[in-house]
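# Coordinates in review
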Amino acid sequence: VRRRAGHCMLGEPVTASMASQPSLKGWQTWGGRHAFLCDGRVMVGPDWGVTCFAVALTTVLSVAFWIFVCPTLAGAPLVTS
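Conventions we followed
- Residues numbered from 1 in each chain as written.
- Predicted model: local features only at pLDDT ≥ 70, side-chain atom pairs only at ≥ 80, totals over all residues.
- Heavy atoms only, no water.
- Salt bridge = Lys/Arg side-chain N within 4 Å of Asp/Glu carboxyl O.
- Helix = DSSP H or I, 4+ residues; strand = E, 2+ residues; numbered from the N terminus.
- Buried < 20%, exposed > 50% of the residue type's maximum accessible area, 1.4 Å probe, protein only.

## What about the pattern of salt bridges?
Side chains carrying opposite charge are able to pair once their charged atoms draw close together. Following the criterion strictly, the structure yields 1 salt bridge and no others. As a salt-bridge pair, D39 and K25 come within 3.2 Å of each other at their nearest N and O atoms. Of this pair, D39 sits in the loop between β1 (35-37) and β2 (42-44) while K25 sits in the loop between α1 (16-20) and β1, and the two are 14 residues apart along the sequence. Looking at D39, the relative accessible area reads 45%, which means it is partly exposed.

## What to know about unusual backbone geometry
With a phi angle near 55 degrees, C38 is a residue other than glycine that sits in the positive phi range. Since its relative accessible area comes to 54%, C38 is described here as exposed. Of note in this structure, D39 is not a glycine but carries a positive phi near 60 degrees.

Here's what the structure looks like:
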């Protein structure tokens, strides 16, 4: 959706009172215990332990895949026995 200068989202003209109000992003007014990182681009729950566990598990499994499976798929095994 393209906006025209001087008009808000619904097509009504922007008034002086609307222009003077600071615009808050949705994550800044979020009512909850979630934490927002990277200017609202990353949202994590209130339980940091579960988040760290999920990141660690995903990283370990991804690294294992790249070390053990991808070389086999490419035809040149990296790990020799």
